[in-house]
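# Geometric and topological summary
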Amino acid sequence: MKLVLSLTVGLVLASALVPAPAQTVRQQEAHVHGTTTVDVGLDATVLQVVLDAPAINMLGFEHPPHDGQQSKQVADVLAAMRDPAPWLIPASAAACVLTHSSVQARGLDPAVVTQGHADIDARYDYRCTQPDRLDHIDIHLADRYPATHRLVVNIVLPQKQDRQELGQGEYRVMLAP
């Protein structure tokens, strides 16, 4: 909880780089197909990565499932996103271990009437025994979900706040100052 607050406060302090706290940014920025937002924060030994992606980037659609095949596709993507190890890789020298992950789909529940777009949100918490050696994170999301054309990465670390954009074929987010 402290890291979530720290990440939010850090993003407010970095308002010259990032217009508002992470949750507000998502509400104010346009839902852009092909673009996924990733917030990265470090507080002492806790690394937190928060992802907000239009469902179409990962599913090819952004409405409640129409049939069993689409329902299975949603379930498969949500299950795959719970284990970020294949696509989210903190620098090995930092010795980070995943301690918690949560994934939610908004706008995909057939029982809930929604207007607008559907999103997939995820949060990953890591404990890093060598946080001073966390100089990068590799995010291979586009390798798994090719409709993801761009990552907007907001970074809040004790030593810096930054925003980086990664295009197709780019995966390394530099964290070192």
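Residues numbered from 1 in each chain as written. Predicted model: local features only at pLDDT ≥ 70, side-chain atom pairs only at ≥ 80, totals over all residues. Heavy atoms only, no water.

## A short note on the confidence of the model for the protein chain
Counting all residues, the mean pLDDT for the protein chain is 84, and 81% of those residues have values of 70 or more. This stretch, residues 4-29, has a pLDDT under 50; its non-local contacts, to residues over four places away or in other chains, come to 37 contacts. (pLDDT = per-residue confidence, 0-100. Contact = heavy atoms within 4.5 Å.)

## Observations regarding the packing of aromatic side chains
The geometry of an aromatic ring pair comes down to the distance between the two centres and the angle between the two planes. Applying the stated rule across the entire model yields one aromatic pair. When the ring of Trp87 is compared with that of Tyr124, the centres are 5.7 Å apart and the planes differ by 75°; the resulting orientation is edge-to-face. Within this pair, whereas Trp87 is found in the loop between helix H4 (68-82) and strand E3 (88-90), its partner Tyr124 is found in strand E5 (residues 119-128), the two being separated by 37 residues in sequence. Since its relative accessible area comes to 1%, Trp87 is described here as buried. What makes Tyr124 buried here is its relative accessible area of 0%. (Phe/Tyr/Trp six-rings, centres within 6.5 Å; stacked < 30°, edge-to-face > 60°. Helix = DSSP H or I, 4+ residues; strand = E, 2+ residues; numbered from the N terminus. Buried < 20%, exposed > 50% of the residue type's maximum accessible area, 1.4 Å probe, protein only.)

## Quick look at the sheet that holds E3
Spatially, the three strands line up as an open sheet ordered E3-E6-E9, and their pairing is antiparallel. Each edge of the open sheet carries a strand with a single partner, namely E3 and strand E9 (172-174). Direction aside, the axes of adjacent strands within the sheet are offset by 20° on average. Where E3 and strand E6 (residues 136-139) come together, three bridges link them in antiparallel fashion. Of the residues in E6, the one forming a bridge with Pro90 is Ile137. (Pairing = 2+ DSSP bridges. Axes fitted to C-alpha atoms, helices over the stretch in contact; angles between N-to-C directions.)

## Comments concerning the pairing of strand E2 (residues 46-54)
Two faces make up the sheet, and in a regular strand the side chains alternate between them. Among the nine residues that make up E2, eight are buried, leaving the element largely enclosed by the rest of the structure. Summarising the sheet, strand E1 (residues 35-43) and E2 pair through seven bridges and their orientation is antiparallel. Paired with Gly41 across the two strands is Gln48, which belongs to E2. The hairpin turn running from E1 into E2, its antiparallel successor, is two residues long, and Ala44 in that turn takes a positive phi close to 60°.

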